[in-house]
Structure formats: structure tokens, C-alpha cells
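Here is what each chain is made of, one letter per residue.
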Amino acid sequence: MQHDDATRELDKIIHALKWASSHLTRLDESNASRHLAAEVLHTPLTVAVHRASQGAAKLREFLTTQPPNESELRSLAQIVADLDRCPHGRHEGDTCIGWTGPGTYQGGCEGGISLGNPHLQTGDHLGYAYSATPYLMPERDRRNDPEAWKA
Ligand SMILES: [Zn+2]
């Protein structure tokens, strides 16, 4: 279930609990009135539904303060982190002797050190931000710094 779907489902639960709480409260008031009671005594069910309604509202508030979808953001960050890998899956500058598993040997990069992504070299343009600032492939040792990707 996605974050937005969870929030929408929780909204339905909150709406139903508020309606039930309101209905039960009016029922308790009606019973008190019918018995000419000086004060309204709420049934345990009314109190429980009211507490559940408050708890769901707090949970909704908590969800609102969370990032949209942590796992999707992590997956996107992983894609960016993988952009400098050579065709053998090694980061530029790391040891690369290729895959040696059964049926997967391809040899590694020339010299046994990863030459990085042959389609994307340091300084290559990747695209543009909304502000029209170009994104560039940063130097190897600065690729973990988001600011280094901006020209
Ligand atoms: Zn390689």
C-alpha cells in the first residue's frame, strides 16, 4: 500500500469514527434527557469510539509529517548512486575483474579497475533543474554530495 492510499483509507476511518462518536454522544444525551438525568453519562462504547477517533486523527497527523514514500525515495537515490557503475556493475575506480559466476563471466574493465559508466563520464550534462540549473556528473569523490551534481 502506498503512503497516499494509506492516508485516504485513514481519512475514511476517521470520518466513520467521528460520525459514530457523534451519533453515540447524541444517543447518550437523548437517554439522559428521557430519564431526566442531571448530567449525561456516556456509555463505555461511546468513550471507546471517541478515543479511537482521537487516536486515528493523531495517526493521520503523524502520516502527514512523514515523507511521501521512504522506500521510493531510497530506490531513486540508489539509481543515482548507480550512475557511475561500469558495465560490470562496479563503481568507477573500484576493482573490476568482471563477473566470474557460472555462465556470467564477461571479463572486467581494462586494467582491473572500473572505468565507470561508458555512457556517462565526469562533467557530462544530465539534464536541468526546474530553475534551469544544469545537472552534471560530478567528480568521483564528490558524488555523495547533492550540491556537486549542480553546475
Ligand atoms: Zn568494469
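Residues numbered from 1 in each chain as written. Predicted model: local features only at pLDDT ≥ 70, side-chain atom pairs only at ≥ 80, totals over all residues.

**Regarding the overall build of the protein**
Secondary structure summary: the protein contains three helices and two strands in total. Element order for the protein, N to C, with α for helix and β for strand: α-α-α-β-β. Here the C-alpha radius of gyration of the protein, 29 Å, is well above what a compact globule of 151 residues would show, namely 15 Å. Dimensions of the protein, computed from C-alpha atoms along their principal axes, come out at roughly 95 × 45 × 20 Å. Looking at the protein as a whole, 10% of its 151 residues qualify as buried. (Helix = DSSP H or I, 4+ residues; strand = E, 2+ residues; numbered from the N terminus. Rg over C-alpha atoms; globule rule 2.2 N^0.38 Å. Buried ≥ 20, exposed ≤ 12 C-beta atoms within 10 Å, placed from the backbone.)

**Section: the pairing of strand β1 (residues 125-128)**
Residues in a regular strand project their side chains so that they alternate between the two faces of the sheet. Bridge count between β1 and strand β2 (residues 134-136): three bridges; the pairing is antiparallel. Residue pairing in the sheet places H125 in a bridge with L136 of β2. Between the antiparallel neighbours β1 and β2 lie five residues, among them A132 with a positive phi of about 75°. (Pairing = 2+ DSSP bridges.)

**A few points about the packing of helix α1 (residues 3-34) against helix α2 (residues 44-64)**
Running from N to C, α1 and α2 point in directions that differ by 155°, and their axes come no closer than 8 Å. The angle between α1 and α2 places the two elements in the roughly antiparallel class. Crossing handedness for the pair α1 and α2: left-handed. Within the contact of α1 with α2, the residues separate by chemical class into 14 nonpolar, six polar and four charged. (Axes fitted to C-alpha atoms, helices over the stretch in contact; angles between N-to-C directions. Parallel < 35°, antiparallel > 145°, perpendicular 65-115°, else oblique. Left-handed = near helix turned anticlockwise from the far one by under 90°. Nonpolar A, V, L, I, M, F, W, Y, C, P; charged D, E, K, R; others polar.)

**Remarks on the confidence of the model for the protein**
Of the residues in the protein, 93% reach a pLDDT of 70 or more, and the chain-wide mean stands at 88. Averaged over each element, pLDDT in the protein is lowest for helix α3 (residues 70-82) (87) and highest for β2 (95). (pLDDT = per-residue confidence, 0-100.)

**Some thoughts on the environment of D82**
Mapping D82 onto the fold places it in helix α3. Along the backbone, D82 and S71 are 11 residues apart, and their C-alpha atoms lie at a distance of 16 Å.

**Describing α1**
A rise of 1.5 Å per residue sets the reference length of α1, with its 32 residues, at 46 Å; its end C-alpha atoms lie 46 Å apart and thus fit the reference within 8%. One or two steps after α1, the chain reaches L36, where phi turns positive at roughly 55°. (Expected span 1.5 Å × (residues − 1).)

**Thoughts on the environment of V47**
Here V47 shows up in helix α2. Taking the number of C-beta atoms within 10 Å as the measure of exposure, V47 has 14 and is therefore partly exposed. Here the alpha-carbon distance between V47 and S21, two residues 26 residues apart in the chain, equals 8.1 Å.

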